[in-house]
Amino acid sequence: MLQGTSSHVGKSVLAAALCRIFYRAGYKVAPFKAQNMANNSYVTADGGEMGRAQVVQAWAAGVEPRVEMNPVLLKPTGHSCSQVIVMGRPVGNLGAKEYHKDFALSLLDTVARAYATLAAEFEIIVIEGAGSPAEINLKDQEIANMRIAKMVGAPVLLVTDIDRGGALASVVGTLELLEPDERALVAGIIINKFRGDLSLLKPALDFLEKKTGKPVLGVIPYLPGPSLPEEDSVALEERQRNTPDPGTGELDIAIVLLPRISNFTDFDALEREPGVRVRYVEVSKPLGRPDLVILPGSKNTIEDLLLLKQYGRDKEIIRLARQGTPVVGICGGFQMLGELIRDPFKVESSTPELEGLGLLPMITTFKLPKATYLVEAEVAGLGPFWGLTNCGLLKGYEIHMGVSEKRGEALPAFYIKSRGGETVEIQDGAVSIDGHIWGTYIHGIFDNDGFRQSFIEKLRQRRGLRPGEGYRRGFEAEQEERLEELARTVASHLDLEKLGQIMGLERPLAGGWFAR
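Being a predicted model, the structure only gives us computed values, none of them experimental.

> Help me get a handle on the layout of surface pockets, residues and values and all.
Reported here for the second largest pocket is a volume of approximately 750 Å³. Contributing to the lining of the second largest pocket are 27 residues, with Y42, W59, L374, K395 and E476 lying nearest its centre. Listed by contribution, the elements that provide at least two residues to the lining of the second largest pocket are strand 4 (41-43), helix 2 (52-60), strand 21 (362-379), strand 22 (394-406) and helix 15 (475-492). Here the lining of the second largest pocket gets 5 residues from one element, more than from any other, and that element is helix 15. Considered class by class, the residues forming the lining of the second largest pocket number 11 nonpolar, 9 polar and 7 charged.

Okay, structure coming up:
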């Protein structure tokens, strides 16, 4: 089990690396996180919803994602409230106090059954903790850290982020705050995100081992550049700091950073295209003069739209659209583009209805049940951005509670041909008459290489730029390559022999693959 001295120390990425290392060593391996809090989620083949991190870890392990790998998912909706998803299905919205005091421990049996199902099938389970095991105010109700380690008898590796500073103090302090039986479960320490000369760090590592009595199993270097799909919006803060200067990209794409943004992994593939600058813009700041505005998904569409209106971003987006700037909405962002959003049953908000941006002729009504499907679709829209060729059948997924009804002359953006494994003929999304404004419920639409690159070409043509050169090869292939590179890097900086001894493995982890 990987636990951290705090959130965002790199547990998810290291868990993915370990899944790939064990997989490459010939073991049947699966990831597991009892309780996850994230608005970046994914849909399994059977329509269950789970955290994105465990999906990536499953891919790293060479297996299909399934909800047993993340039996409890909390999706924050704002105001200290989250939608609670158990075994892939929503069971309601609960406040933080209500969840931790009255509900969390009732889910332990579900968590135990999910783990037992995986343990019966796989040789190794890579468990990821949540936050820190030393959060004293939550320890009595937690179902993600030491309670899980003790339940399954898993040795714990404590991960800390040295790039933040204070890593040694974080490790020592965390161990001091654990109970003796919990401290005994900690079998080693991993220092993550290290920059610099390792020889200068050696005295500190010697001190840490002597002070804690725990071995340092590895010092993992800071990995620059695009990483794996993230699940925590904290990652967007780092992206904003590292966003290139305006002059570094021929195309400028502005994504509105909604407070309750969800599934921002929809835009990872755009960020990796050469000549494209993607920047996340807080709702309190002007968008500037981008070549494309994107309204992303939201876990609380009405509340985020109210904030857009409060800061005047609604008027700015409407003005840009009327001047010819293309505007795209995904899921909640698509709903915002319409004329009206209704929530009569208070599915997401206490506000019964709110006027949208009025850029697409449609009305959205929130209602149950929640739609969670893997889908395949064809391009249906018309206009300057929709003469897309060689796109083929597009893959993606739906996660939404709203139903949007087009009015007047609105055209669909896509025709869904397969939904949840069944052949269908369903209109999705909407496109304005001039084709410059469109929206869809399909997440992952830009992960489709032909669609994404054709769309970028249309943007380049609009700017009068020459055709793009050097488009990245397939997004899925590139992600697989990153998993391989990540695993090799982690393996080369981790004491695999010691790790194997801690786990009691019969077959060695080190082999020819890691040396390549």
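Having put the structure on the table, let's press on.
> Tell me about the nonpolar core, and name the residues and values.
With 83 residues, the main nonpolar core has F22, F32, Y99 and L494 as its most contacted residues. In terms of residue count, the dominant contributor to this core is helix 1 (residues 11-24) (8 residues). What Y99 contacts, discounting residues up to four positions off in sequence, is Q35, V72, L74, V84, L94, A104, L107 and I143. Among the nonpolar cores identified, the runner-up in size contains 63 residues, and A254, L360, V375 and A430 belong to it.

> Break down empty space enclosed by the protein for me, citing the residues and quoting the values.
For the structure on display, the rule yields 2 cavities of 30 Å³ or more. Here the largest cavity defines a volume of roughly 160 Å³. Every residue lining the largest cavity is counted, 18 residues in all, and those nearest its centre are S298, C331, E348, I399 and H400. Those elements that provide at least two residues to the lining of the largest cavity are helix 13 (332-336), strand 21 and strand 22. Tallying contributions element by element places strand 22 first for the lining of the largest cavity, with 4 residues. In terms of residue class, the lining of the largest cavity is made up of 4 nonpolar, 10 polar and 4 charged.

> So what's going on with the pairing of strand 11 (residues 186-194)? Residues and values would help.
Most of strand 11 sits out of view: 8 of its 9 residues are buried. Examined bridge by bridge, strand 11 and strand 12 (residues 216-221) share 4 bridges and lie parallel to one another. Paired with I190 across the bridge in strand 12 is G218. Read as a crossover between parallel neighbours, the route from strand 11 over helix 8 (residues 198-212) to strand 12 is right-handed.

> Can you lay out the sheet that holds strand 26 (residues 437-440) for me, pointing to particular residues and giving the numbers?
In space, the 6 strands of this open sheet follow the order 15-13-16-18-26-25, with mixed pairing throughout. Both outer strands of the open sheet, strand 15 (276-282) and strand 25 (430-431), are each paired with one neighbouring strand and no more. Helix 14 (residues 449-463) contacts strand 13 (251-257), strand 15, strand 16 (292-295), strand 18 (327-330) and strand 26 of the sheet and is inclined by roughly 115° relative to strand 13.

Rules used throughout
- Numbers given for residues are sequential positions, taken from 1 along each chain in its written order.
- pLDDT decides what is reported in this predicted model: residues at 70 or higher carry local features, side-chain atom pairs at 80 or more are listed and counted, and totals for whole chains, interfaces and linings draw on all residues regardless.
- Side-chain metrics rest on all non-hydrogen atoms present in the structure, leaving aside hydrogens and water.
- Cavity and pocket criteria rest on a 1 Å grid covering protein atoms alone: a 1.4 Å probe that fits but cannot get out defines a cavity, protein on both sides within 12 Å along at least 5 of 7 lines defines an open pocket, and an atom within 4 Å of a point defines a lining residue.
- Grid points are joined across faces, edges and corners, and a volume is the space filled by probe spheres set on the points.
- Put simply, DSSP marks the helices as runs of H or I at least four residues long and the strands as runs of E at least two long, and each gets a number from the N terminus on.
- Polar here means any residue other than Ala, Val, Leu, Ile, Met, Phe, Trp, Tyr, Cys and Pro, which are nonpolar, and Asp, Glu, Lys and Arg, which are charged; Gly is therefore polar.
- In plain words, nonpolar cores are sets of buried Ala, Val, Leu, Ile, Met, Phe, Trp, Tyr and Cys residues tied together by side-chain atoms within 4.5 Å.
- For each residue, the accessible area found with a 1.4 Å probe, counting protein chains only, is set against the maximum for its type, and the residue is called buried under 20%, exposed over 50%, and partly exposed in between.
- Working rule for contacts: check all heavy atoms of both residues, and any pair within 4.5 Å makes them a contact.
- Strands are labelled as partners when DSSP assigns at least two bridges between them.
- Here, the term right-handed applies to a crossover whose path from the first strand over the helix to the second runs clockwise when the strands point away from the viewer.
- Between N-to-C directions, angles cover 0 to 180 degrees, with each direction set by a line fitted to C-alpha atoms, over the stretch in contact for helices.

The analysis is restricted to geometry; functional conclusions fall outside its scope.
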